[in-house]
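# Per-entry structural report
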Amino acid sequence: MEVLGGIQSYQLVAIAAGLTLLRYVYTVLSSPLAKVPGPWYTKWTIAVFRYQLIRGKRPQWVHRLHEKYGPIVRVSPIEVSIQDPKAAQQIYSVKNEFRKSTWYQDLLPGLPNVFSTLDIDYHRRHRRLLASEISDSGLAVHIPTVDSKVRLTVERMSEEMEERGVIDVYRWAMYMATDVIGELSFGSSFRMLETKEETDYIRDLKLIGFAGGLRATFPFLTFLSNYIWVPVISVGLKVRNKIRDYATESLGRHYKLVEEQGDDAKPTLLSKLYRATENDTDTLPFIELREDAMAYIAAGSDTTTNTLTYLLWSVSRDPEVKAKLLAEIQTLPDNFEDADVRKLSYVEKVIQETLRLYSAVPAGLPRIVPAEGATLAGYFIPGGYTVSVQAYSMHRNPEVFPDPWKFNPSRWDHPTKAMKDSFLPFGGGSRICIGLHLAKMELRLMTARFFTRFPNARPSKLEGFTDEDMGPKMFFIMQPKSQRCLIEGY
Ligand code: HEM
């Protein structure tokens, strides 16, 4: 059919399509991120980024790009990754100018919590209610509880060593970390160390990383799985809903304890939040409390489990490091406490080095550039684009950490400014990990108690266990890919 001056309608369609394509090409090529170094395909598509994410290999992929392209690299049409200490300090500043990106809503869809919220006021209000109880001084009252869990863990490990000839330190680290965060937040836990059984709770916690990877990679399909069963994808939402159920159940246990014990009930990490839900002036809806309870359950267990597992494995397999650590631990008094372990400088360096080489959160923490834009690592990035810094690359920068792949606690004898500025295992700025003092307490006590009991610990070859098992899987949280770590030797 002729439409205009001899032009056929199909020709009009072709012209429109051509113009749209040209406009798209122009938009991509003139995008400010087009000037940032990076592979050609990241100008056009986010698909490769998402593909690496769902494979659990995003940090390694981004790191290879940094090795090839330098300290700033485009990883998708809207995001750059940065491996530069100065820029990292600028992005993760306490002033909170670089807000969390909407990626966090994809990771944790539904109602926000202290970890996932993008809203600065919401975050401040919740962080204020949580901060003092989990600060270094606020935790003092909980040291005996944490230590008793650590002791019980070592007991359980001894039993396993007797019965099986090896200890699966991953399993016990997970039971310990979940019992600690449960007991401290709700006054009672799921008592994993007592029951010793791999419950649904533990099975779901083990899936958190993969489930988060699914949600962040396929946000639309995740949304759809609210209404219809989408093969595989539905797991992402199912795990999240189950963690919500565990939080509700734990809060129920807490209220029952308070009813039974009245004023004698132990203080908890959530005490101020509990009070705020009952208080007229600082009223907090129950669902906001429940969402933060979920955040504590999820953020407080997997991260510590994996860090502790890599610490025990790294020391056990390195005779030189182990000898140094044992020499220091042997100076502890018989009935040592946390205060004694705190004074041990090599224990601290072993923890630092584990957090460097085996950061439980290795991937980029995405932030939005403020409206006025920012110059980062020599490039101007306009407002609204996403920037992220990943601990995995910051901690492997050979200019800052010579011989970066080597587990060498002594590198922390005299840390340089660049080392301190590059060290981001707990993130930074106003969104820095709220649980870092608790995590460090667990790691400290466990390091001292484990190697006091098992000075000859070494990785086992039983049951086909090899270094391969410890190869990392990295969704948002890094974990050994076979989710086991076998150690032997008294
Ligand atoms: C070795 C163990 C741990 C590591 C490596 C770790 C790492 C991190 C990192 C990197 C962040 C920042 C995430 C971001 O900016 O996107 C974070 C935030 C957070 N972590 Fe941890 N974490 C650990 C243990 C814990 C524990 C024991 C808790 C217990 C409550 C916890 C609770 C949280 C919470 C609630 C946030 C959000 C803080 C906010 O946005 O204000 N973490 N953690």
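Residues numbered from 1 in each chain as written. Predicted model: local features only at pLDDT ≥ 70, side-chain atom pairs only at ≥ 80, totals over all residues. Heavy atoms only, no water.

### Some words on the pairing of strand 4 (residues 79-82)
Our working rule: Here's how the labels work: a residue is buried when its accessible area is under 20% of the maximum for its type, exposed when over 50%, partly exposed in between, all with a 1.4 Å probe on protein chains only. Strands here mean DSSP runs of E at least two residues long; helices mean DSSP runs of H or I at least four residues long; both are numbered from the N terminus. At least two bridges found by DSSP between two strands are what make those strands a pair.
Burial of strand 4 is two-sided: the residues Glu79 and Ser81 facing one way and the residues Val80 and Ile82 facing the other way are all buried. Examined bridge by bridge, strand 3 (residues 72-76) and strand 4 share four bridges and lie antiparallel to one another. Among the inter-strand pairings, Ser76 is bridged to a residue of strand 4, identified as Glu79. Between the antiparallel neighbours strand 3 and strand 4 lie two residues. Examined bridge by bridge, strand 4 and strand 10 (residues 386-389) share four bridges and lie parallel to one another. Directly across from Glu79, in strand 10, lies its bridge partner Thr386.

### Section: the sheet that holds strand 7 (residues 367-368)
The five strands are arranged 3-4-10-7-5 in an open sheet whose pairing can be described as mixed. The strands lining the two open edges of the sheet, one partner per strand, are strand 3 and strand 5 (99-100). Pairing of strand 7 with strand 10, which is carried by two bridges, proceeds in the antiparallel orientation. Within strand 10, the position partnered with Ile368 by the bridge is Thr386.

### Digging into the domain arrangement of the protein
What counts is decided by this rule: For each domain, the first and last residues come from an automatic or database assignment.
Assigned domains of the protein: these are domain 1 (1-27) and domain 2 (98-354 + 407-473 + 480-488). If you average the C-alpha positions of domain 1 and of domain 2, the two centres end up 58 Å apart.

### Structural notes on the coordination of the iron atom of the ligand
Quick reminder of the rule: Each metal's donors comprise the N, O and S atoms found within 2.8 Å of it (within 3.2 Å for Na, K or Ca). Water is not part of the atom list, so some coordination spheres may appear incomplete.
Inspection of the coordination sphere of the iron atom of the ligand shows a single protein donor, Cys433 (SG), at 2.3 Å. The residue Cys433 is located in the loop between helix 20 (417-422) and helix 21 (436-453) in this model.

### Some words on the site of the ligand
Note the following rule: Here a residue is near a molecule or strand as soon as one of its heavy atoms is found within 4 Å of it. As used in this structure description, the phrase polar contact means that two N or O atoms lie within 3.5 Å; if the pair is within protein, one of them must be able to donate a hydrogen and the other to accept it, and residues adjacent in sequence are counted only when both atoms belong to side chains. Residues are grouped as follows: nonpolar covers Ala, Val, Leu, Ile, Met, Phe, Trp, Tyr, Cys and Pro; charged covers Asp, Glu, Lys and Arg; every other residue, Gly included, is treated as polar.
Taken together, the neighbourhood of the ligand is formed by 27 residues, with Tyr104, His123, Arg127, Arg367 and Cys433 sitting nearest. His123 places a side-chain nitrogen or oxygen 2.6 Å from an oxygen atom of the ligand. Take Arg431: an N or O atom from its side chain is 2.8 Å from an oxygen atom of the ligand. If you list the elements that add at least two residues to the shell around the ligand, you get helix 7 (120-131) and helix 15 (286-316). It is helix 15 that provides the largest number of residues to the shell around the ligand, a total of six residues. Each residue belonging to the shell around the ligand can be placed in one class, and the counts come to 16 nonpolar, seven polar and four charged.

### Points about the layout of surface pockets
Heads up, the condition is: Here the term cavity refers to a set of points on a 1 Å grid, laid over the protein atoms alone, in which a 1.4 Å probe fits but cannot get out; the term pocket refers to an open set having protein on both sides within 12 Å along at least five of seven lines, with lining residues being those that place an atom within 4 Å of a point. Grid points are joined across faces, edges and corners, and a volume is the space filled by probe spheres set on the points.
Counted as a void, the largest pocket has a volume near 370 Å³. Taken together, 24 residues line the largest pocket, and the ones lying closest to its centre are Gln352, Phe423, Phe426, Leu436 and Lys440. The set of elements that each furnish at least two residues to the lining of the largest pocket consists of helix 5 (85-91), helix 17 (338-342), helix 18 (345-357), helix 20 and helix 21. Broken down by element, the lining of the largest pocket gets its largest block of residues, four residues, from helix 21. Looking at side-chain class alone, the lining of the largest pocket contains 11 nonpolar, six polar and seven charged residues.

### Considerations on helix 15
As a reminder of what qualifies: Any helix carries an expected span of 1.5 Å times its number of residues minus one.
Taking 1.5 Å as the rise per residue, helix 15 with 31 residues should run 45 Å; its terminal C-alpha atoms sit 45 Å apart, in good agreement. With 27 of its 31 residues buried, helix 15 lies for the most part within the structure.

### Let's talk about unusual backbone geometry
Unusually for a residue other than glycine, Lys196 sits at a positive phi of about 65°. Given the relative accessible area of 34%, Lys196 is considered partly exposed. Even without being glycine, Glu463 reaches a positive phi, approximately 55°. Mapped onto the elements, Glu463 comes out in the loop between strand 11 (458-459) and strand 12 (472-474). According to the relative accessible area criterion, Glu463 is partly exposed, its value standing at 44%.

### Re a nonpolar patch on the surface
Defined as follows: Surface patches are drawn from residues lacking salt bridges whose relative accessible area is over 30%; two like charges belong together within 9 Å, two nonpolar side chains (Val, Leu, Ile, Met, Phe, Trp, Tyr) within 5 Å. Using a 1.4 Å probe, accessible areas were evaluated by the Shrake-Rupley method; residue-level cover was limited to the displayed protein chains. By convention in these notes, a salt bridge is any Lys or Arg side-chain nitrogen within 4 Å of a carboxyl oxygen on Asp or Glu.
Residues Phe220, Leu221, Phe223, Tyr227 and Ile228 make up a contiguous nonpolar surface patch of roughly 570 Å² in combined accessible area. Here Tyr227 shows up in the loop between helix 12 (219-224) and helix 13 (233-261). Here Tyr227 falls in the exposed class, since its relative accessible area comes to 62%.

### Observations concerning the pattern of salt bridges
Throughout the structure, instances matching the rule amount to 31 salt bridges. Where Lys440 meets Glu348, a salt bridge forms, and the shortest distance between an N and an O atom there is 3.1 Å. Taken together, the residues span a long stretch of sequence, with Lys440 in helix 21 and Glu348 in helix 18 at a distance of 92 residues. Between Lys349 and Asp413 there is a salt bridge, with its nearest N and O atoms 2.9 Å apart.

### Observations concerning the sheet that holds strand 6 (residues 167-168)
Here three strands make up an open sheet; going across it, the order is 6-14-11 and the pairing antiparallel. A single partner strand is all that each edge strand has here, and the edge strands are strand 6 and strand 11. Where strand 11 lies against strand 14 (residues 486-488), two bridges are found, and the strand directions are antiparallel. What sits directly across from Pro459, in strand 14, is Ile487.

### Examining the packing of helix 15 against helix 18
Quick note on the threshold: Think of each axis as a best-fit line through the C-alpha atoms, taken over the contacting stretch in the case of a helix, with angles from 0 to 180 degrees between the N-to-C directions. Geometric relationships in this document are graded by angle, where less than 35 degrees denotes roughly parallel, more than 145 denotes roughly antiparallel, 65 to 115 denotes roughly perpendicular, and other angles denote oblique. What makes a crossing left-handed is the near helix being turned counterclockwise from the far one by less than a right angle; a clockwise turn instead makes it right-handed. In this analysis, two residues are considered to be in contact whenever any of their non-hydrogen atoms come within 4.5 Å of each other.
Look at helix 15 against helix 18: their axes get within 9 Å of each other, and the N-to-C directions meet at 115°. Looking at the two axes, helix 15 sits roughly perpendicular to helix 18. In this structure, helix 15 crosses over helix 18, and the sense of that crossing is right-handed. Of the residues in helix 18, those in contact with Thr307, Tyr310, Leu311 and Val315 of helix 15 are Val350, Ile351, Thr354 and Leu355.

### Here's the deal with the packing of aromatic side chains
Definition in use: Pairing of aromatic rings covers Phe, Tyr and Trp, the last counted by its six-membered ring, and requires centre-to-centre distances within 6.5 Å; plane angles under 30 degrees mean stacked, over 60 mean edge-to-face, and any other angle means tilted.
If you walk through the whole model with that rule in mind, you get 22 aromatic pairs. Here Tyr201 and Tyr246 contribute two aromatic rings whose centre-to-centre distance is 4.7 Å and whose plane-to-plane angle is 75°, an arrangement assigned as edge-to-face. Note that Tyr201 is positioned in helix 11 (residues 200-217) and Tyr246 in helix 13, a separation of 45 residues in sequence. Between Tyr255 and Tyr274, the aromatic rings sit 5.9 Å apart at their centres with planes inclined by 70°, giving edge-to-face as the arrangement.

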